[in-house]
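These are the residues of each chain, in order.
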Number of protein chains: 6
Amino acid sequence: MRILVVNPNSTVSMTAKIGTAARRVARSGTEIVAVNPKDAPASIQGFHDIAMCLPALLGELRGHGRCDAVVIACFDDTGLDAARCAVDVPVIGIGEAAFHAASFISCRFSVVTTLRRSVPSIEANLVRYGLAARCGRVRASDIPVLALEEAGPDMMERLGREIEMAIDEDQAEAIVLGCAGMADMAAGLAERYGLPVVEGVSSAVLMAEAMAASGLKTSRIGGYAAAN
Amino acid sequence: MRILVVNPNSTVSMTAKIGTAARRVARSGTEIVAVNPKDAPASIQGFHDIAMCLPALLGELRGHGRCDAVVIACFDDTGLDAARCAVDVPVIGIGEAAFHAASFISCRFSVVTTLRRSVPSIEANLVRYGLAARCGRVRASDIPVLALEEAGPDMMERLGREIEMAIDEDQAEAIVLGCAGMADMAAGLAERYGLPVVEGVSSAVLMAEAMAASGLKTSRIGGYAAAN
Amino acid sequence: MRILVVNPNSTVSMTAKIGTAARRVARSGTEIVAVNPKDAPASIQGFHDIAMCLPALLGELRGHGRCDAVVIACFDDTGLDAARCAVDVPVIGIGEAAFHAASFISCRFSVVTTLRRSVPSIEANLVRYGLAARCGRVRASDIPVLALEEAGPDMMERLGREIEMAIDEDQAEAIVLGCAGMADMAAGLAERYGLPVVEGVSSAVLMAEAMAASGLKTSRIGGYAAAN
Amino acid sequence: MRILVVNPNSTVSMTAKIGTAARRVARSGTEIVAVNPKDAPASIQGFHDIAMCLPALLGELRGHGRCDAVVIACFDDTGLDAARCAVDVPVIGIGEAAFHAASFISCRFSVVTTLRRSVPSIEANLVRYGLAARCGRVRASDIPVLALEEAGPDMMERLGREIEMAIDEDQAEAIVLGCAGMADMAAGLAERYGLPVVEGVSSAVLMAEAMAASGLKTSRIGGYAAAN
Amino acid sequence: MRILVVNPNSTVSMTAKIGTAARRVARSGTEIVAVNPKDAPASIQGFHDIAMCLPALLGELRGHGRCDAVVIACFDDTGLDAARCAVDVPVIGIGEAAFHAASFISCRFSVVTTLRRSVPSIEANLVRYGLAARCGRVRASDIPVLALEEAGPDMMERLGREIEMAIDEDQAEAIVLGCAGMADMAAGLAERYGLPVVEGVSSAVLMAEAMAASGLKTSRIGGYAAAN
Amino acid sequence: MRILVVNPNSTVSMTAKIGTAARRVARSGTEIVAVNPKDAPASIQGFHDIAMCLPALLGELRGHGRCDAVVIACFDDTGLDAARCAVDVPVIGIGEAAFHAASFISCRFSVVTTLRRSVPSIEANLVRYGLAARCGRVRASDIPVLALEEAGPDMMERLGREIEMAIDEDQAEAIVLGCAGMADMAAGLAERYGLPVVEGVSSAVLMAEAMAASGLKTSRIGGYAAAN
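Rules behind the numbers
Residues numbered from 1 in each chain as written. Chains lettered and ligands numbered in written order. Predicted model: local features only at pLDDT ≥ 70, side-chain atom pairs only at ≥ 80, totals over all residues. Heavy atoms only, no water. Contact = heavy atoms within 4.5 Å. Buried area = accessible area lost by both parts, 1.4 Å probe. Salt bridge = Lys/Arg side-chain N within 4 Å of Asp/Glu carboxyl O. Polar contact = N/O pair within 3.5 Å; in protein donor to acceptor, adjacent residues only side chain to side chain. Helix = DSSP H or I, 4+ residues; strand = E, 2+ residues; numbered from the N terminus. Nonpolar A, V, L, I, M, F, W, Y, C, P; charged D, E, K, R; others polar. Domains from an automatic or database assignment. Pairing = 2+ DSSP bridges. Axes fitted to C-alpha atoms, helices over the stretch in contact; angles between N-to-C directions. Least-squares fit on C-alpha atoms with pLDDT ≥ 70 in both. Expected span 1.5 Å × (residues − 1). Buried < 20%, exposed > 50% of the residue type's maximum accessible area, 1.4 Å probe, protein only. Right-handed = clockwise from strand over helix to strand, strands pointing away. Core = buried A, V, L, I, M, F, W, Y, C linked by side-chain atoms within 4.5 Å. Parallel < 35°, antiparallel > 145°, perpendicular 65-115°, else oblique. Left-handed = near helix turned anticlockwise from the far one by under 90°.

1. Here we look at the interface of chain F and chain A
Working step 1: On the side of chain A, 42 residues touch chain F, which itself brings 42 residues to the contact.
Working step 2: Around 3,300 Å² of area is buried between chain F and chain A when both sides are counted, 69% of it from carbon and sulfur atoms.
Working step 3: Glu209(F) serves as the salt-bridge partner of Arg27(A), at 4.0 Å between the closest nitrogen and oxygen.
Working step 4: Counting the contacts that link chain F with chain A gives 9 residue pairs in polar contact (both at pLDDT 80 or more).
Working step 5: Elements with a contribution of two residues or more to the side of chain F that touches chain A: β4 (91-93), α5 (94-105), α6 (119-129), β8 (197-199) and α9 (200-214) of chain F.
Working step 6: Each residue belonging to the side of chain F that touches chain A can be placed in one class, and the counts come to 24 nonpolar, 10 polar and 8 charged.

In C-alpha cells:
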C-alpha cells in the first residue's frame, strides 16, 4: 500500500516530522510518501492562509505516482472536499481523523491548537462533521505553528496548562492536538496527564489505510462529483 | 459610496449581469465596481472550482481603488472568510446576504440552485451561518451555470417546477435563487408564483451599503485577524 | 424613504434617544418617524411586560402615514411576527438586526443586556433566528432599563466588565448591546475595548432601508398571512 | 384541588368543549374552572391573533379565586411565559403538555393542526421546548378553528388524511391534535387509525394536577421573575 | 390506581426511601408497589452497571399483579425503551420525569448527580429527549450512590456547593437531583438555596398517575413494537 | 494482531457470515475470532432484544484470550459503552464504524435496515455520535433479520427499492447497510446502483485494526471509568 501525505505548507522540517509520525504507526508493507509544495505559505494560520495554499496543495495530488489513499496533513483539513473531487482514492484530513479517533475512546474530547485565529475554522469543521457533539472546547495555546519546530519543555508546559483546564473546565476525557507540528508530543503529554492524547497524522494514516483496504471509493453522485 | 463586486469566475457576461443587478437597487450616490479575474474558471460548480478560484479572487480585492465594502458574487460565498482577513472594509457574500434577507420576510425559505454537486457547499454554509434553521431544502434545478447565460423561457420553467415543489413539499414561504447567474429572473418568478423570490446580488449590495454606513468593521481579535 | 421606528415602552426620553441613533446612520433622504404608545409600560423587562405591551405596539403601526419599512425598537423584538402580519412593508426588530449585523463582521458575538430576567427571551430569539450558532453568551449587566436614561461613566464601567469577561470567557469577537437604551454607548465602548460593538437601532434602520430598497415584501403564503 | 383553564378566545362553545374534555380526565376531587375573556378574538389563528389576545388572557388569571394550577387552553401556548411571571402556581400550556405526553409513549409524533398560518408558531414552540427532536412534522389540515365547532364526519376524514400521511411519510408513531377545538375527536381517531392520538386539554389538566401535587413552584430567579 | 416502582439495584434501603418519596405525593387512592430485584448490582454507577442490571429489571415488570403504570427508579432511566416494549401500560423513568417537570417551572435547569462516570449517560438521555435544550450542565458531586444511604449534613453541603455553582455559572433557575437516593433531600435544599429542586421519584410517580388517567398507551407501530 | 468479533445473537450462521466479512478485509497478519453467546436471542430486533442480550454479550468479552481490539457485530452497537468500561482495548461497534466510514466518502448517506422497530435505536445512535448531521434517513426494508440468512435475489430487490428512494428522496450519496446479516450484499448492491455501499462488519474490523495500531486506549477519567 502507498499513502500520499501532503503537508500544504512549505516548511520541510514539518514535512519530515509528519513523515516520521506517519511511519511510526503505518503497516509494515505501507510506503509513506510525505510531500509539500514549494510555492506555499510557510505555515497555515487562519482563513487567508487556508485559501491561498489550495491550488498548490491540489497540485501535489498528482505527480507522485499511484497511491491508495491521500492524507491532508493540515489540522484545518484544508482542501479536503476539493481533493475528494480531484482524485479517485479516499482522502482523509488529519483534523477529521483525529476527531473520529477520539470519538472511539472517549465521551468528550477537547482540542488544543495553536493561535486564536485558527480556532473558528476548526470549530466550523467540527460542526460540519457532526462531531461538535463530542467536543467540549477548541482551545488556543498561543503557540505559533513555526514555534513548534523549536519544540522544548516550554511547549509541553504551555500545552499542558490547556490540557489541565480542559479536564477541569470542559470535562474532557481525551485531548486532540490541533496542529500537525504537535505530532511528536502526543505520547509525552498522555503519560504526564493520564488521559489519551490523539494526534492527527497517525490517526489519518491509519484511517487512510483502513479506507484503502475497504475498497470503498468516494461517491461521485453528489457533492464529490469528479472535478473536470 | 463605492462597492467592489467581485465575480470569481471569468465569464464577462455574468459580470455584466451582476453589475446590472447591483445598480438596479444601489443608492443613487453609490458607484458599483463589478470585476472578475482573468485567470479563473469559467464557472464555479462544486468544491474543486471553489478551491481553485481563491487566489485570483483574493487578488481582485486590491487594485480597484478605495472602496467602502466588498461583495463576493458567487452563491457559494467563495473565499468569504479569507477576504474578511484581507481587507478592512466589510465583506458580504451573495449567498449569505440572500439567506439573511429571506429570514426577514418569511418563516421558511427554500433555495433553488444549479447542479446537484453545488448543493452540499450551500448546505454547509447554511449550517455555518445558523440559517439552516430557516431553510426547508436546497434544491438543484440541473441547469449548469453557463446555461443561464442563454436564459430563455425554458430556464424559467425548470426553475418554476422546483419552486412549486418547494411550496408544496418544503412548506417554503419564499425562494432564494442559488446562483449569481439567476439575478435577472427573480422578479418574473415572484410574479408568476406569488411569493417572494430573493436574489443574492441585490441583497448583498444592499447589505454592503448598510454595513458601510454603520461604521462597523470586521473584528480583528479572533478568526478574522488581519492576514499577514 | 420613510421609516417608522416604534418604541413599545412609553418613556419619551428613550424614544428620543432611539430617534437620534436612527438618524445618525440613515440615508440623507430618509425620514425617521420615532414614536411610542402613550398607554404602555415605562420599560419592557421580562416576559410579562413583553406580553402586555403588544396591542399598543401594534396600534402604533397605523396612523403615522405611509412608510416604507417598520423598525421595532425593543431588543426583545416584541411583536415582530404579529407586526409582519399586520402591515405590508418589511418589519425588522432591533435585536434581530443586531444579531445579523454582528454575524457579518465576527465569527462569534456575545450579548450584554440589562436584567437577568430579560436573558431567556433573547436566548429564545437567537434560537428561533438560527443565530444562536453565532452567539457565545447572553450576559446580564444588572442595569435596569430606566437606569440607562441617567447614563454616566458608571454605566460604561458595568457594561465594560461584562465585555471583558465576554472576550475572555466566551471568546467573543464582537459585542451586541442588548437594549435600545444603550444605543448611545456603542462607539465609546468599541473604542475602549478594541472590538466591534453593535447596537440594534442603527443596525435595524440600515437593514430596514435595505429591505425597503430591495422591493421584497413579507410573504403571505405561510406564517405571515395577512392579519384579518 | 382547583384548576383554572383559560380559553383565550371568546367562543363560549369552545370553552364548554374544553371544560368537558378537562373534567373527563380530572381527579374526582378536582374542580375545573373553565373561562374565557369577553373581549378577545373569536379564534386564535396566527401570530397577530396570538399577540392581540394577551392582555385579556392575562387578565383572566385573576378574579376566579384561589387555584392550584393554571392551564392555557390554546395550542399555541399563548402567553405561557408571561403567565408564569404573573401567578405563583404552576402554569401549563396545552400544546406543551401534549408534546410532553406524546414523548412518554412514542419515539416520534406528528402534529395535525388547523391552518397553514398556525404552523410556524407551533414549530417555534417545539424548538423552544427542545421537543422538536421528537416531532416528525407539523401538518395543517386547512380546517379553520371555528369550523371545528360544527364538527362532523367530514372533519374526521380531513384529519384522517393527514394522520395517514404522517404515519407513512413522517414515520409518526403517535399523533398530537393541534387545536383545543379538536379535544373531542381524539378517541375516535385513535380507534380508527390504530395509534395513540394525544389531545392537549386533557394532557395539560393531568400535568397541572401533577405539578400542583408536587409542591413545585415556578422559579423566581431567572426569566420567570415575578411580574411587577 | 396501582403504580409499580422498580428500583433496579438490590439495595433495600434505597427501595424503601423510593417508596416513601413516592407515597408522599401519590393520590390518596393510589397504591405504590416499590420493588427491587434480588440478583442485581448494589448500585448503578456507569455504563457497565446499567447494562448488567437490565434483564433483572425487566423481570420485575411481571409478577407483581396488574398495575396501571410503571416507574423505573434509576436516574439513568435504565431499560426505559425496553420496558415500553414489554408492558402495555405507560412506563416513565425518574430522570425523564424530573427533566420534564423542571421544564414546566424554569427556563433552564442544571442536574447534580453522583459520580463523574454517571454524567455521560445522563447527558445522552437529555439529548435523546430533546431536553438538553433546557439544561445548563450535568454536574457530578463525587458522592457515591451508596454513600447517600448514610446521608447527613455533609451530603447537603456537598450538593449545596454544586447548586451554588449551577446558579452562578450555568444560570440555572432550578436544580434536578440526579439520583434516586437523593429523593429525601429536595425540600431541604430548595429551602436553603431559594430555588426549585426537582426530585425524580415524586415527579415520575405523578407523571405516571397522569398518564394512567389519560388512557394513552405506548404506541405499538414503531420503536415500541411489543416484545415477543 | 487479534480482533475479537462478538455477534450478540445466537445464530451461528450469522456468526459465520460475520467472520467471513471480517477476514475479507483484515490484514494478513490479523487473526479474527468470531464468537456468539449460546444463551442469547436468535436475533436482535428492537429495544427489548437489545436489553436482554447485554449480560451474555459482556460475558463473551472474556474467555477468548488476549486480543488487541473488540468489535460488537450488531448494527445497534448493543452494549458499546458498557464494553468500553469492561475491557482495556478499544471497542468499536459496526453501526458506529459504518457511519464513520460513510462520512469519509460522501456528503450524505442513508441507512437501510431491517424492521421499522429497529429504526429508532439507530437514529438515537446517530444523534449520540453526532453523525445524524451526515445522515439523510434511516429506512426500514421490512426484512426480518433471520430472513437474511436465506438471502436471495428477492432480498437484493427489496433493499434496492429503498436504495433508489434514498438516492431520489434523501439525496443520499452513499448507502449504509443496517444489519450484520447484510454483510455479503454490499458489493453487489454497489455495482448495481452505482454508489458506495458501506457494510459495518468490514468497516469495524478495519477501524479496530487502526485503533489497535494507534496505541490509543479508552479513556478512564470519565464515562468509561473501568467497571468494577
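From this point, the discussion proceeds with the structure in view.
2. Description of the arrangement of the chains
Working step 1: What separates chain A from chain D at the closest point of their C-alpha atoms is a distance of 15 Å, and the two make no contact.
Working step 2: One finds no contact linking chain C with chain F; the least C-alpha distance across the pair is 15 Å.

3. Remarks on the domain arrangement of chain A
Residue and element names in this part refer to chain A.
Working step 1: For chain A, the domain assignment lists domain 1 (2-93 + 203-213) and domain 2 (95-200).
Working step 2: Look at where the C-alpha atoms of domain 1 and domain 2 centre, and you get two points 20 Å apart.
Working step 3: The interface is formed by 28 residues belonging to domain 1 together with 34 residues belonging to domain 2.
Working step 4: Carbon and sulfur atoms supply 57% of the area that domain 1 and domain 2 bury against each other, a total of about 2,300 Å² over both sides.
Working step 5: Contact with domain 2 buries surface across domain 1, with Lys-17, Gln-45 and Phe-75 losing the most and accounting together for 34% of the total.
Working step 6: Put simply, domain 1 and domain 2 have 4 salt bridges between them.
Working step 7: Between Arg-84 and Glu-96 there is a salt bridge, and its shortest N-O distance comes to 3.1 Å.
Working step 8: For the interface between domain 1 and domain 2, the tally reads 19 residue pairs in polar contact (both at pLDDT 80 or more).
Working step 9: Those elements that place two or more of their residues in the side of domain 1 that touches domain 2 are α1 (12-25), α2 (47-52), α4 (80-86), β4 (91-93) and α9 (200-214).

4. A closer look at the sheet that holds strand β8 (residues 197-199) of chain E
Residue and element names in this part refer to chain E.
Working step 1: On the basis of which strands lie adjacent, the open sheet formed by 4 strands has the order β6-β5-β7-β8 and parallel pairing. Taken across any chain shown, the strands that pair with only one partner, and hence form the sheet edges, are β6 (135-140) and β8. Sheet twist, expressed as the average angle between the axes of neighbouring strands with direction ignored, equals 25 degrees.
Working step 2: Inspection of the sheet shows strand β5 (residues 109-113) paired to strand β7 (residues 174-178) by 5 bridges, in the parallel sense. Considered in β7, the bridge of Phe-109 is made with Ala-174.

5. Observations regarding the interface of chain D and chain E
Working step 1: Counting residues at the interface gives 42 residues for chain D and 42 residues for chain E.
Working step 2: When chain D packs against chain E, close to 3,300 Å² is buried across both sides, 69% of that on carbon and sulfur atoms.
Working step 3: Considering only the surface of chain D that becomes buried against chain E, Phe104(D), Ile105(D) and Ile221(D) emerge as the three largest contributors, covering 20% of it.
Working step 4: At the junction of chain D with chain E, the criterion picks out 2 salt bridges.
Working step 5: Only β4 (91-93), α5 (94-105), α6 (119-129), β8 (197-199) and α9 (200-214) of chain D provide two or more residues apiece to the side of chain D that touches chain E.
Working step 6: Broken down by element, the residue count for the side of chain D that touches chain E peaks at 7 residues, all from α9(D).

6. Some remarks on the relation of the copies chain F and chain A
Working step 1: With an RMSD of 0.0 Å, chain F superimposes on chain A once it is rotated by 180 degrees and translated 0.0 Å along the axis. Expressed as an axis order, the relation between the two copies is that of a two-fold axis. The rotation axis passes nearest to the C-alpha of Gly130(F) in chain F, at a distance of 2.3 Å.
Working step 2: Of the interface residues in chain F, 100% have counterparts in chain A that sit at the interface too, so the contact is made through matching surfaces.

7. A word on the relation of the copies chain D and chain E
Working step 1: Superposing chain D onto chain E takes a rotation of 180 degrees combined with a translation of 0.0 Å along the rotation axis, leaving an RMSD of 0.0 Å.
Working step 2: Most of the interface of chain D is mirrored in chain E: 100% of its interface residues are interface residues there too.

8. Describing helix α1 (residues 12-25) of chain F
Working step 1: Across its 14 residues, α1(F) extends 21 Å between first and last C-alpha, which sits within 8% of the 20 Å expected from 1.5 Å per residue.
Working step 2: Along α1(F), the residues classified as buried are Met14(F), Thr15(F), Lys17(F), Ile18(F), Gly19(F), Ala21(F), Ala22(F) and Val25(F).
Working step 3: Check the buried side of α1(F) and you find it contacts α9 of chain A together with β1 (2-6), β2 (31-35), β8 and α9 of chain F.

9. Quick notes on the pairing of strand β1 (residues 2-6) of chain A
Note on strand geometry: in a regular strand, side chains alternate between the two faces of the sheet.
Residue and element names in this part refer to chain A.
Working step 1: Here β1 lies mainly inside the structure; 4 of its 5 residues are buried.
Working step 2: Relative to strand β2 (residues 31-35), β1 is paired through 5 bridges, and the arrangement is parallel. Residue pairing for β2: Val-5 is matched across the bridge by Ala-34.
Working step 3: Read from β1 through α1 to β2, the crossover connection turns out right-handed.
Working step 4: Examined bridge by bridge, β1 and strand β3 (residues 69-72) share 4 bridges and lie parallel to one another. Counted as the bridge partner of Val-6 is Ile-72 from β3.

10. What about the environment of Ala42(F)?
All names here are of chain F.
Working step 1: Along the chain, the position of Ala-42 falls in the loop between β2 and α2 (47-52).
Working step 2: Considered as a pair, Ala-42 and Val-145 are 103 residues apart in the sequence and their alpha carbons are 9.4 Å apart.
Working step 3: In contact with Ala-42, other than residues within four places in its own chain, are Asn-9, Ser-10, Thr-11 and Leu-146.

11. Comments concerning the sheet that holds β1(A)
All names here are of chain A.
Working step 1: Pairing in this open sheet of 4 strands is parallel, and the strands run β2-β1-β3-β4 from one edge to the other. Either end of the sheet is taken by a strand with one partner, and the two such strands are β2 and β4. The sheet shows a mean angle of 20 degrees between the axes of neighbouring strands, direction not considered.

12. Concerning the nonpolar core
Working step 1: Within the largest apolar cluster, 494 residues are counted, with the highest numbers of intra-cluster contacts made by Phe99(A), Phe99(B), Phe99(C), Phe99(D), Phe99(E) and Phe99(F).
Working step 2: When near neighbours in sequence (up to four residues on either side) are disregarded, Phe99(D) contacts Phe75(D), Phe109(D), Val111(D), Ile122(D), Leu126(D), Tyr129(D), Leu131(D) and Val176(D).

13. Digging into the side chain of Ser219(D)
Working step 1: Along the chain, Ser219(D) turns up in the segment after α9.
Working step 2: A distance of 3.4 Å separates the side chain of Ser219(D) from the backbone nitrogen of Ile221(D), its partner in a polar contact.
Working step 3: Discounting residues that sit within four places of it in the chain, Ser219(D) has contacts with Tyr224(D), Ile105(E), Ser106(E), Glu173(E) and Pro196(E).

14. Structural notes on the side chain of Arg108(B)
Working step 1: With respect to the element layout, Arg108(B) can be found in the loop between α5 (94-105) and β5 (109-113).
Working step 2: A polar contact of 3.3 Å, which involves the side chain of Arg108(B), links it to the side chain of Glu123(D).
Working step 3: Beyond its immediate sequence surroundings of up to four residues, Arg108(B) is in contact with Arg134(B), Cys135(B), Gly136(B), Asp170(B), Gln171(B), Ala172(B), Glu173(B), Ala174(B) and Glu123(D).

15. A closer look at the packing of α9(D) against helix α9 (residues 200-214) of chain E
To describe two helices that pack against each other, one gives the angle between their axes and the distance between the axes.
Working step 1: The geometry of α9(D) relative to α9(E) is characterised by a closest axis approach of 9 Å and an angle of 155 degrees between their N-to-C directions. Classified by the interaxial angle, the pair formed by α9(D) and α9(E) is roughly antiparallel. For α9(D) against α9(E), the interelement crossing comes out right-handed. In contact with Leu206(D), Met207(D), Ala210(D), Ala213(D) and Ser214(D) of α9(D), α9(E) contributes Leu206(E), Met207(E), Ala210(E), Ala213(E) and Ser214(E).
Working step 2: Split by residue class, the contact of α9(D) with α9(E) holds 8 nonpolar, 2 polar and no charged.

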